[in-house]
Amino acid sequence: MAYSLLIFEDNARLRQSLEMLLNDEVNFTVVGAFPDCMHAAEEVENSGADLVVMDIDMPGMSGIDGVKHIKQQFPHVKVVMHTVFDDDNRIFDSICAGADGYLLKNTSPVQLIQSLSEVMLGGAPMSPFVAQKVFQHFRKQNLPSGDPFNLSDREKEILEMLVQGNSYKMIAAKSNIVVDTVKKHLRNIYSKLHVSCGTEAVAKALQHKIVKID
């Protein structure tokens, strides 16, 4: 069954291109595309959308505020930021608002589609440059290190690769295992960390310095 998807993007040409691209994919059905997110939560409710692709800089209300409104009412709906902005403040404001992924607009169409598919499976896709920004931020934090969650060495390796922004397929290739095994490891990791998705797992891994970020 295809996931229903909403697009909030004020650039008309890009909005139309995204709609065409994603509607051509069997895994997605675009149920709405809008030039602003003033009524984002209402549009989610009306459409029953599973996933939102959200720009940041839009007229009337920023995409970051749009994420907040959506997540307050529909915490289960996945929201991926799709933006030109790569500065620290917008990245972390988006994550704190509840965004499930953060992709720059120079992300290739193939990678965009793969990332949207993975976020629906519990992944936390980030463009490599964005992931590096996250690492730099947490390196500066004076946080205690350790692993109070009893992850196995293999689980730590998988989690570290997730934190680095690797896709499921990339993790599988680097670990010489199949994608289904990656998903099984991640389910175990989420259970041990007491989280429900990849975004929360990444945040907890960085907070507790479970994985290496240098």
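Let us look at the structure shown here.

1. Digging into the packing of aromatic side chains
Each aromatic ring pair is specified by the distance between its two centres and by the angle formed by the two planes.
Inference 1: Across all of its chains, the model carries two aromatic pairs by this definition.
Inference 2: Ring geometry for Tyr 3 and Phe 28: centres 6.4 Å apart, planes at 45°, overall tilted. Remark: Phe 28 occurs in strand S2 (residues 28-34) and Tyr 3 occurs in strand S1 (residues 3-8); sequence separation between them is 25 residues.
Inference 3: Taking the relative accessible area as the measure of exposure, Tyr 3 reaches 26% and is therefore partly exposed.
Inference 4: Here Arg 90 stacks its cationic end above the ring of Phe 85, 3.8 Å away from the centre of that ring.

2. Points about the nonpolar core
Inference 1: Counting residues in hydrophobic clusters, the biggest one holds 50 residues, and the most contacted among them are Val 52, Met 54, Leu 159 and Leu 193.
Inference 2: Once residues lying within four places of it in the same chain are set aside, the contact partners of Leu 193 are Phe 149, Leu 151, Leu 159, Ala 201, Lys 204 and Ile 210.
Inference 3: In this structure, Leu 5, Leu 18, Phe 28 and Leu 51 belong to the second largest nonpolar core, which totals 15 residues.

3. A word on the pattern of salt bridges
Inference 1: Taken as a whole and assessed by the stated rule, the structure comprises six salt bridges.
Inference 2: Of the charged contacts, one joins Asp 55 and Lys 105 as a salt bridge, the two residues approaching to 3.4 Å between their closest N and O atoms. Here Lys 105 lies in the loop between strand S5 (101-104) and helix H5 (109-119) and Asp 55 lies in the loop between strand S3 (51-54) and helix H3 (63-73), a separation of 50 residues in the sequence.
Inference 3: Look at Lys 105 and you get partly exposed, because its relative accessible area is 24%.
Inference 4: Note that Asp 65 and Lys 68 form a salt bridge whose closest N and O atoms lie 3.9 Å from each other. Taken together, the residues span about one helical turn, with Asp 65 and Lys 68 both in helix H3 at a distance of three residues.
Inference 5: When salt bridges with common partners are traced through the structure, they connect Glu 9, Asp 55 and Lys 105 into a single cluster.

4. Observations regarding the environment of Gly 198
Inference 1: Within the secondary structure, Gly 198 sits in helix H10 (residues 198-207).
Inference 2: The class of Gly 198 is buried, set by a relative accessible area of 0%.
Inference 3: Taking the C-alpha atoms as reference, Gly 198 lies 4.5 Å from Gly 123; in sequence the two are 75 residues apart.
Inference 4: When near neighbours in sequence (up to four residues on either side) are disregarded, Gly 198 contacts Gly 122, Gly 123, Ala 124, Leu 162 and Tyr 190.

5. A look at the sheet that holds S1
Inference 1: The strand order across the open sheet formed by five strands is S2-S1-S3-S4-S5, and the pairing between neighbours is parallel. This sheet does not close on itself; its edge strands, each paired only once, are S2 and S5. Sheet twist, expressed as the average angle between the axes of neighbouring strands with direction ignored, equals 20°.
Inference 2: Lying over the sheet, helix H1 (residues 12-23) contacts S1, S2 and strand S4 (78-83), oriented at roughly 165° with respect to S2.

6. Describing the packing of helix H7 (residues 153-163) against H10
Inference 1: H10 packs onto H7 with a crossing angle of 105° between their chain directions and a minimal axis gap of 10 Å. It follows from the interaxial angle that H7 and H10 lie roughly perpendicular. Taking contact as the criterion, the partners of Leu 159, Leu 162 and Val 163 in H7 are, on H10, Gly 198, Ala 201, Val 202, Ala 205 and Leu 206.
Inference 2: In the contact of H7 with H10, the residues fall into seven nonpolar, one polar and no charged.

Parameters at a glance
- Residues numbered from 1 in each chain as written.
- Predicted model: local features only at pLDDT ≥ 70, side-chain atom pairs only at ≥ 80, totals over all residues.
- Heavy atoms only, no water.
- Phe/Tyr/Trp six-rings, centres within 6.5 Å; stacked < 30°, edge-to-face > 60°.
- Helix = DSSP H or I, 4+ residues; strand = E, 2+ residues; numbered from the N terminus.
- Buried < 20%, exposed > 50% of the residue type's maximum accessible area, 1.4 Å probe, protein only.
- Lys NZ or Arg CZ within 6 Å of the ring centre and 35° of its normal.
- Core = buried A, V, L, I, M, F, W, Y, C linked by side-chain atoms within 4.5 Å.
- Contact = heavy atoms within 4.5 Å.
- Salt bridge = Lys/Arg side-chain N within 4 Å of Asp/Glu carboxyl O.
- Pairing = 2+ DSSP bridges.
- Axes fitted to C-alpha atoms, helices over the stretch in contact; angles between N-to-C directions.
- Parallel < 35°, antiparallel > 145°, perpendicular 65-115°, else oblique.
- Nonpolar A, V, L, I, M, F, W, Y, C, P; charged D, E, K, R; others polar.

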